[in-house]
Amino acid sequence: MENNTLSKHHYFYSVGLSYKKADAEMRGKFSLDTLAKTRLLEQAKTEGIESLIVTSTCNRTEIYGFAEHPFQLIKLICENSNGSVEEFQKVGFVYKNQEAISHIFRVGTGLDSQILGDFEIISQIRSSFTQSKSMGLANNFMERLVNAVIQASKKIKNDTEISSGATSVSFAAVQYIMKNVVDVGNKNILLFGTGKIGRNTCENLVKHTKNEHITLINRTKDKAERLAGKLNLIVKDYSELHLELQKADVVVVATGAQNPTVDKAILNLKKPLLILDLSIPKNVHADVEELEGVTLIHMDYLSQLTDETLENRKNHIPAAEAIIEEIKEEFNVWTKGRKFAPTIHALKEKLNAMKVSELNFQSKKIADFNEEQAEIISARIIQKITTQFANHLKDDDTMVDESIEWIEKVFKIGLAAK
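As the structure is a prediction and not an experimental result, all values here were calculated from the model.

**Topic: the packing of helix H14 (residues 317–365) against helix H16 (residues 400–411)**
Their axes nearest at 11 Å, the elements H14 and H16 cross at an angle of 15°. Accordingly, the angle class assigned to the pair H14 and H16 is roughly parallel. Relative to H16, the crossing made by H14 is left-handed. Facing H14, whose interface residues are Lys336, Lys339, Phe340, Thr343, Leu347, Lys350 and Leu351, H16 presents Val400, Asp401, Ile404, Ile407, Glu408 and Phe411. Looking at the contact of H14 with H16 residue by residue, the class counts come to seven nonpolar, one polar and five charged.

Laid out in structure tokens, this is it:
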């Protein structure tokens, strides 16, 4: 057993699925909205899981937490999403202990992102931890780990150029529009959904296309109005969506709905239409492609568009990995010390009890026994003995679990480290 378990029966796992094996449709089945994540955490508490965080983005749904068996965590994902265990087995992953720790470091630092160097996921991990902690589901191990990942993310972002240049799904969407839409500055562009991806796409559209015919629609109109006010754009009511779709040459859909909001039935087209769906789950029904003149592009396709910027970023992977290894090693040293500290403390108490017993015995047996001097000498000897054991347990070559078990057995100090 490795050194980052909570007990002899609980291991640290990362379970989930991502863009690497699961396409957008499958990721949509397993996506968790805010309410579903809360339900998952509440269920975890009732099932005796004491520490976990859950993230769900357009590219991944993952749980990091402690369990006796990974199926406990897989079950939580499946029971709170539209995905099944059978589907998870086809596209999901399970990492344990050190592999799980390495995975969260790579995710949080952008090395595992669909677009290399995309650091948006770290804010998701941070907010997920905050929610878990508020619900009493984040122990010291988890807090230290998340803080270490945040530290690594900041250092990589500041000390390397792995996030240099403008590239993201939203920027790739704008690049695609500019390359494939003639006279884009004079086309009618409709942006439906003003969440983070929607806002970023909108800002990139304004910056790079110089288009003054961009219309925003959002279910919550005031959010669209706040964004439109900054960029001097038009806002329409959600009830006018079907009318604005008829006018549009380009539609960008970036809503957070769990079911499609745009389909063939809502479209009454009189001219060609390019639709870019940047949502997970997909918010544009595939049946729109049955209509003549409709081109549907999904975010997975946009994420595959590589350019010189992405190629340059790859050169900085070794530097980023070196930073991860440095901070991960610091975390593992802390974890190792945390594991054997109770054993060393129990050993010191045991030796001190022996000392007290022996000093009492000798003070009665020896007439001129100097108890004060004997106390000083024995205390120093105990300190040297416990330090020797601690140094042994810190050594990289030490099998910590076996050593702890041996110390407890020899000195009869019970189950202090568990």
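Next comes the rest of the write-up.
**Describing the pairing of strand S2 (residues 52–56)**
For S2, the tally of buried residues reaches five of five residues, placing the bulk of the element in the interior. Sheet topology note: the S2/strand S3 (residues 60–67) ladder contains five bridges and is antiparallel. Among the inter-strand pairings, Leu52 is bridged to a residue of S3, identified as Gly65. Between S2 and S3, which pair antiparallel in sequence order, lie three residues.

**Quick look at the sheet that holds S2**
Across the sheet, which stays open at both edges, the four strands sit in the order S2-S3-S1-S4 with antiparallel pairing between neighbours. Every interior strand has two partners, whereas the edge strands, S2 and strand S4 (93–96), have only one. Taken over all neighbouring pairs, the strand axes of this sheet differ in orientation by 15° on average, direction set aside. Together, strand S1 (11–18), S2, S3 and S4 form the strand contacts of helix H3 (residues 71–79), whose direction differs from that of S3 by roughly 140°.

**Focus on unusual backbone geometry**
Of the consecutive residues Ile280 and Pro281, the connecting peptide bond is found in the cis state with omega at -5°. Summarising the element assignment, Pro281 is placed in the loop between strand S9 (273–277) and strand S10 (294–298). Of note in this structure, Asn97 is not a glycine but carries a positive phi near 50°. Of note, Lys412 is a non-glycine position whose phi angle comes to about 50°, a positive value. Position of Lys412 among the secondary structure elements: in the segment after H16. Overall, Lys412 belongs to the exposed group, its relative accessible area being 67%.

Analysis parameters
Residues numbered from 1 in each chain as written. Predicted model: local features only at pLDDT ≥ 70, side-chain atom pairs only at ≥ 80, totals over all residues. Heavy atoms only, no water. Axes fitted to C-alpha atoms, helices over the stretch in contact; angles between N-to-C directions. Helix = DSSP H or I, 4+ residues; strand = E, 2+ residues; numbered from the N terminus. Parallel < 35°, antiparallel > 145°, perpendicular 65-115°, else oblique. Left-handed = near helix turned anticlockwise from the far one by under 90°. Contact = heavy atoms within 4.5 Å. Nonpolar A, V, L, I, M, F, W, Y, C, P; charged D, E, K, R; others polar. Buried < 20%, exposed > 50% of the residue type's maximum accessible area, 1.4 Å probe, protein only. Pairing = 2+ DSSP bridges.

Honestly, it's all geometry; don't read function into it.
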